[in-house]
Amino acid sequence: APEEDRTAKKPDSGIGESVIRLMTRLSMKHGAVNLSQGFPNEAPPLSVRLALARAVLTGVPGDLTDTSMSATCASIENMLKKIQDDEDEGTTSTSFDELNQYSPPMGRPDLRAAIAAHYKRLYNFEVDPDEGITVTLGATEAVASALRTVGRPGEKAVIFEPYHELYPSQTKIFYMEPDYVILREDPKAGTWAFDVDELAAALEGAKVLLLNTPHNPTGKVFTHNELKIITDLCIKHDVYIITDEIYDGMTYEINGTQHKHILLPKEFPHVADRTLVCNSVGKSASATGWRLGWCLMPSHLTDTYRGVHDQLVVMAPHPMQYAALTYFDLPKEYFTETLSTRYVDRLNTLASSLRNVGFEVLQPEGAYYLFAKYQGVQQLSEMGPWDAAMHMVKEVSVACVPGTNFYGSEHAMQHEAQEYLRFAACRSVQDIEAACEKLEAALSKG
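For the structure given in this document, a descriptive report is provided here. Bear in mind that the values here come from a model prediction, so they are computed numbers and not experimental data. (Residues numbered from 1 in each chain as written. Predicted model: local features only at pLDDT ≥ 70, side-chain atom pairs only at ≥ 80, totals over all residues. Heavy atoms only, no water.)

What follows concerns the pattern of salt bridges. A full pass over the atoms with the stated rule returns 13 salt bridges. A salt bridge links R112 to D130; the nearest nitrogen and oxygen atoms lie 3.8 Å apart. In this pair, R112 sits in helix 4 (residues 109-123) while D130 sits in the loop between helix 4 and strand 2 (133-136), placing the two residues 18 residues apart along the sequence. Given the relative accessible area of 6%, R112 is considered buried. Among the residues examined, D130 registers a relative accessible area of 47% and is labelled partly exposed. E226 is the partner of K220 in a salt bridge, and the nearest nitrogen-oxygen pair spans 2.8 Å. What makes K220 buried here is its relative accessible area of 2%. (Salt bridge = Lys/Arg side-chain N within 4 Å of Asp/Glu carboxyl O. Helix = DSSP H or I, 4+ residues; strand = E, 2+ residues; numbered from the N terminus. Buried < 20%, exposed > 50% of the residue type's maximum accessible area, 1.4 Å probe, protein only.)

Attention shifts here to the packing of helix 1 (residues 19-30) against helix 14 (residues 385-396). Here helix 1 crosses helix 14 at 30°, and the two axes come no closer than 9 Å. Taken together, the axis directions place helix 1 and helix 14 in an arrangement best described as roughly parallel. Within the contact between the two elements, helix 1 uses V19, L22, M23, L26, S27 and H30 and helix 14 uses W386, A389, M390, V393 and K394. Residues of the contact of helix 1 with helix 14, tallied by class, amount to 8 nonpolar, 2 polar and 1 charged. (Axes fitted to C-alpha atoms, helices over the stretch in contact; angles between N-to-C directions. Parallel < 35°, antiparallel > 145°, perpendicular 65-115°, else oblique. Contact = heavy atoms within 4.5 Å. Nonpolar A, V, L, I, M, F, W, Y, C, P; charged D, E, K, R; others polar.)

So, about the sheet that holds strand 15 (residues 420-424). The strand order across the open sheet built from 3 strands is 12-15-14, with neighbouring strands paired in antiparallel fashion. Only two strands of the sheet have a single partner each, and these edge strands are strand 12 (369-373) and strand 14 (401-402). In the sheet, strand 14 pairs with strand 15 via 2 bridges, with the strands oriented antiparallel. Each bridged residue has a counterpart across the sheet, and for P402 the counterpart in strand 15 is L421. Its contacts with the sheet put helix 13 (residues 344-356) on strand 12 and strand 15, and the angle it makes with strand 12 is roughly 10°. Each of strand 14 and strand 15 touches helix 14; the most contacted strand, strand 15, lies at about 40° to it. (Pairing = 2+ DSSP bridges.)

Attention shifts here to the sheet that holds strand 3 (residues 156-161). The strand order across the open sheet formed by 8 strands is 2-11-10-7-6-3-4-5, and the pairing between neighbours is mixed. In this open sheet, the two strands that pair with only one neighbour each are strand 2 and strand 5 (191-194). Averaged over neighbouring strand pairs, the angle between their axes works out to 25° when direction is ignored. Relative to strand 11 (residues 293-296), strand 2 runs antiparallel, the two being bridged by 4 bridges. Across the sheet, T136 pairs through a bridge with G293, a residue of strand 11.

This is the structure in structure tokens:
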């Protein structure tokens, strides 16, 4: 069947194609502005890109201390000239290439040391680079390897819904059983909240909790009080915690309150021995195509985690590992200021246009998504979320994702999932402005 005629229903296995990536393909097919998939279309920091170019061209580690434009460009120009001279002469300047070949499966030692220094610098958190860090093929693989490390077939994995679409599929790949706790929108409080009793009931008999904060798709940043409740319940029920923290630097001030990401094993050391922290450079460095992530894990899980990781993917791309040394050497302000302001205007601009045409949307506390109720839009009010998303991509030329893609429980699929569309505000300013023009030209309030 044509892609636009497919539904969001998963196969009986519960493991299906990513709907988000399907919407990206449909946006290309219909010439729409792609606000469906959460990847930027702006480049990583220049010094990081240049470090990657040097790694691939030379194949050997070099001096990363001088990352100025003039020095780096001169260095690359000299490399290219040397390579061309060698090609013309039929020789090679070196018989040794390190960076285009395998790295140690757990990641380069210097990169693991840089990740450890990163957590010390930002969170004053000590982590052993030799036993506590594994470099992964993005955060997706970091989470998958964590699930397989602590989970076994038939065991229960608790997931807050709405969720990132890969979490239930990943649990089912390893024959675990997902169970869901609903985050409910509270417009008066301007945030999303869970019911403590529902969480406690779900954690009883569970093996693992998947926790994504800042949260995709709602933009919720879990508070200290909420995390204390979560960690205490996980201790009570002997549950491991896997955190997905890829938006950790993207937290915002809302109505005078500055939301901050909290690193679980630092703030709640009593759960450090049962917490696996997953992250990546993909979103924060605008390098989603690099597939470079990592996992922090307690030492008693290291051997198993690294064994799973090795057998699943072997390693993360070696040139990207080396270039990431430059990323972790960026000024501290990049992580504490740039990331916390980069998408604020885009989120505000897009949210304003969505509200102008009838969407209802809370201002996100973190990440770069808007999870918007759409029944107030006249042209969409009688449609289910899948049809509404198809109308958006084909008739409005703005691609988004249906709310049914982010829920799994029977109750939520019949209720909350029917109300929402998700928009990603991580595209360029030009794309956001173009999307807003299309929204306000094609849609109107009911």
